[in-house]
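Results of the structural survey
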Amino acid sequence: MIASAPSENLFKMSTIDLSSAASELRSLAEQSNAWPFEQAKQIVARLKKAPKDEVLFETGYGPSGLPHIGTFGEVARTTMVRHAFRVLTEDKIKTRLIAFSDDMDGFRKVPDNLPNKEMLTEHLGRPLTRVPDPFGTHSSLGAHNNARLRAFLDTFGFEYEFASSTDYYTSGKFDATLRLVLERIEKVMAVMLPSLREERAASYSPFLPICPRTGVVLYVPIVAHDVKAGTISYDDPETKERVTLPVTGGHCKLQWKPDWAMRWVALGVDYEMAGKDLIDSVKLSGQIARALGGTPPEGFNYELFLDENGQKISKSKGNGLTIDEWLRYASPESLSLFMYREPKAAKRLHFDVIPRNVDDYQQFLDGFPRQDARQQLANPVWHIHAGHPPKADMPVTFQLLLTLVSSSNAENAETLWGFIGRYRPGVTPQTHPKLDAMVGYAINYYRDFVAPTKQFREPTGGERAALQDLRDALSQLPATSTAEDIQNVVYEIGRREPFLDPVKKGKDGRPGVSLDWFNMLYQVLLGQEKGPRFGSFVAVYGPPNAVAMIDGALARS
């Protein structure tokens, strides 16, 4: 979620100010079906059963690979639920958000996107905080990836506390609950064993000793345990020596499902969401938490992010978009919108989703002041900006900028600003810094994705005639023509076969114009499938430039 300070005169009289009308805002929130409020209502109901002075939200991260957008999404979404909860409780109950890193997990596989793979291979099996950093900047691989995650979350202004599994295990923060797991090990085993294959069940133990000799996290049978002493014993798989270790102080860690449950109980976690692929794990961990005398947190299972091939994105594979990649091509707010939308629907996380989210964010922002308070609570920007969206001030769309770059081959900001300044006099990089940033995003996006795939198609005979007529009509337009004037001309020229749409009707009752007409313009003139409203594009680009573009297309064909 993007942090943002309230600005003066941001809300009209129909809006509700949290500081002056918290109870009225709460009343509207209780009626809202926006998903963050639906989730927050579960926590409110939980507190009615078991009141407490503080509510703890948690997100989890496995630092075996570099952080990806899915990791960010979990923190962003949880932050939205946290804010919704604060509204529903009028901010009378303290809340905290812990971003927990499972950095004590054993290093099982070298991710494809890490350097120094040979060196890393020598440390397989060790806790991630005992694996050297292949980048040479931190004390360990776990520390490096933790720093990457924290740096990114900090740039977004998230309010959170970072927590390290290694720190919590070795400092003793988990000791009391680890002893409880040992005391109730039979109950934990009764939950886990039915979920395991016969071969694994035969040697399974919730405790994983960390070998004092090699530093490796061992998956070995536990041959004895002593509840009173707080120890487990195992036979070293290489030396065959019997080894006894305390379960406390970082000498052991738990298998991840018992570990998750132990953490919920030890910290008193009230809310944590997880991916759909972890539904069974959530259920098992919940059962273990109850066996330990705790209550599993509220939460929901969100759908997975998919790459361009429909495969689940993975830290180890490095497929899908990275956090840095999205921010090379679009604003942080657009990424937050992507995360807000339909969390229970699988979504492609590929480069082609970026332009839509950039422009949709602006549309939601533009519409916000015109909505009443109830509608505003359902507007994504209310949740993205914690109830205080900034004033909308974006005179052109991202799609229009992309088309300008594509049509003019203008891979520099100065040329684009020349078009913008003519279209919107007085708009400059200094008056509109966010637009200036979007200009840079558009240039990057064009260079990396549009230019390499540009492919012009030749017009048919009928299309050539229509383009010639459009060229002549644009050349005769007065210099004062507006985008709407130009759009009307473009529409009228397209009112012919094969572009007629008998279902749509024009203002004069005649048949309308199908999208095929506008798609043809972009395919033939710009070498792309779609684009912004053509009249708006010509208004910014300039009718004389558009005429020259049509002449070039006709000459090519």
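In short, a report on the structure. (Residues numbered from 1 in each chain as written. Predicted model: local features only at pLDDT ≥ 70, side-chain atom pairs only at ≥ 80, totals over all residues. Heavy atoms only, no water.)

Some details on the pairing of strand β1 (residues 54-61)
Within β1, six of the eight residues are buried, which leaves it mostly tucked inside the rest of the structure. As defined by bridge partners, β1 adjoins strand β2 (residues 94-101) across eight bridges and the pair is classed as parallel. Bridge pairing links Glu-58 to Ile-98 in β2. (Buried < 20%, exposed > 50% of the residue type's maximum accessible area, 1.4 Å probe, protein only. Helix = DSSP H or I, 4+ residues; strand = E, 2+ residues; numbered from the N terminus. Pairing = 2+ DSSP bridges.)

Here's the deal with the environment of Lys-312
The residue Lys-312 is located in the loop between β11 (305-306) and α12 (323-329) in this model. Remark: the alpha-carbon pair of Lys-312 and Leu-278, spanning 34 residues in sequence, is separated by 13 Å.

Description of helix α10 (residues 256-267)
Taking 1.5 Å of rise per residue, twelve residues should cover 16 Å, and α10 covers 16 Å from first to last C-alpha, within 8% of that figure. Turning to α10, its buried residues are Lys-257, Pro-258, Asp-259, Trp-260, Ala-261, Met-262, Arg-263 and Trp-264. At the C-terminal side of α10, Gly-268 shows a positive phi close to 75 degrees. (Expected span 1.5 Å × (residues − 1).)

Quick word on the packing of aromatic side chains
Within this structure, the stated rule accounts for 27 aromatic pairs. Ring geometry for Phe-100 versus Tyr-168: centroids 5.6 Å apart, planes at 80 degrees, classification edge-to-face. Of the two residues, Phe-100 sits in strand β2 while Tyr-168 sits in helix α6 (residues 165-171), which places them 68 residues apart along the sequence. Each member of the pair, Phe-100 as well as Tyr-168, carries the same accessibility label: buried. (Phe/Tyr/Trp six-rings, centres within 6.5 Å; stacked < 30°, edge-to-face > 60°.)

Structural notes on the sheet that holds strand β7 (residues 242-246)
Overall, antiparallel pairing links the three strands, which are arranged β5-β6-β7 in an open sheet. One side of each edge strand has no neighbouring strand; the edge strands of this open sheet are β5 (224-226) and β7. Here the strands of the sheet are splayed against their neighbours by 20 degrees on average, with no regard to which way each runs. Relative to strand β6 (residues 231-235), β5 runs antiparallel, the two sharing three bridges. Looking at the pairing, His-225 lines up with Ile-232 of β6. (Axes fitted to C-alpha atoms, helices over the stretch in contact; angles between N-to-C directions.)

Focus: unusual backbone geometry
Peptide bonds are mostly trans, and most non-glycine residues show a negative phi. Cis peptide bonds are those with omega within 30 degrees of zero, and the linkage from Glu-497 to Pro-498 qualifies with 5 degrees. Within the fold, Pro-498 resides in the loop between α21 (483-493) and β13 (500-505). Even without glycine at this site, Asp-91 takes up a positive phi of about 60 degrees. With respect to the element layout, Asp-91 can be found in the loop between α3 (69-88) and β2. Relative accessible area serves as the criterion here: at 42%, Asp-91 is assigned to the partly exposed category. A positive phi is found at Ala-386, a non-glycine position, where the angle reads about 50 degrees. Structurally, Ala-386 can be placed in the loop between α16 (380-384) and α17 (398-408).

Thoughts on the environment of Glu-463
Checked against the element boundaries, Glu-463 lands in helix α20 (residues 461-475). For Glu-463 and Trp-517, which are 54 residues apart along the polypeptide, the C-alpha to C-alpha distance reads 8.8 Å. Apart from residues no more than four positions distant in its own chain, Glu-463 is found in contact with Arg-457, Glu-458, Phe-499 and Met-520. Within the structure, the side chain of Glu-463 is placed 3.0 Å from the side chain of Arg-457, a separation counted as a polar contact. (Contact = heavy atoms within 4.5 Å. Polar contact = N/O pair within 3.5 Å; in protein donor to acceptor, adjacent residues only side chain to side chain.)

Concerning the side chain of Ser-406
Considering the arrangement of structural elements, one finds Ser-406 in helix α17. The class of Ser-406 is buried, set by a relative accessible area of 1%. Of note is the side chain of Ser-406, whose polar atom sits 3.3 Å from the side chain of Gln-528. Residue contacts for Ser-406: discarding those within four places in its chain leaves Tyr-446, Val-450, Lys-454, Leu-526 and Gln-528.

Comments concerning the environment of Tyr-445
Inspection of the secondary structure puts Tyr-445 in helix α19 (residues 433-450). Residue class for Tyr-445 comes out buried when judged on its relative accessible area of 7%. Between the alpha carbons of Tyr-445 and Val-489 there is a distance of 31 Å; along the sequence they are 44 residues apart. Setting aside residues up to four positions removed in sequence, Tyr-445 forms contacts with Tyr-329, Phe-351, Asp-352, Ile-354, Pro-355, Phe-398, Leu-402 and Val-450.

Quick word on the nonpolar core
Membership of the largest hydrophobic core comes to 114 residues, with the highest contact counts inside it found for Phe-72, Trp-326, Trp-517, Leu-521, Leu-525 and Phe-534. Take this core: its biggest share by element is ten residues, from α3. Each residue touching Trp-326, except ones within four places of it in the same chain, is listed here: Ile-69, Leu-321, Ser-331, Ser-334, Leu-335, Phe-338, Leu-349, Val-353, Ile-354 and Asn-357. Core analysis: the second largest hydrophobic core is formed by 43 residues, Tyr-168, Val-181, Val-191 and Trp-264 among them. (Core = buried A, V, L, I, M, F, W, Y, C linked by side-chain atoms within 4.5 Å.)

Quick look at the pattern of salt bridges
With the rule as written, the count across this model stands at 32 salt bridges. The closest approach of N and O atoms between Arg-96 and Glu-161, which form a salt bridge, is 2.9 Å. Of this pair, Arg-96 sits in strand β2 while Glu-161 sits in strand β3 (residues 161-164); the two residues are 65 residues apart in sequence, bridging distant segments of the chain. Using a relative accessible area of 34% as the deciding quantity, one classes Glu-161 as partly exposed. With its nearest N and O atoms 2.7 Å apart, the salt bridge here joins Asp-551 to Arg-471. (Salt bridge = Lys/Arg side-chain N within 4 Å of Asp/Glu carboxyl O.)

Describing the sheet that holds β2
As a general point, the strands of a sheet are linked pairwise by backbone hydrogen bonds and lie either parallel or antiparallel. One open sheet holds the three strands; their spatial order is β1-β2-β3, and the pairing between them is parallel. Pairing within the sheet leaves two strands with one partner each, and these edge strands are β1 and β3. With direction set aside, neighbouring strand axes in the sheet form an average angle of 30 degrees. Across four bridges, β2 lies against β3 in parallel orientation. Counterpart to Ser-101 in the pairing with β3 is Ser-164. Here α3 sits on the sheet and contacts β1 and β2; the angle it forms with β1, its principal contact strand, is near 170 degrees.

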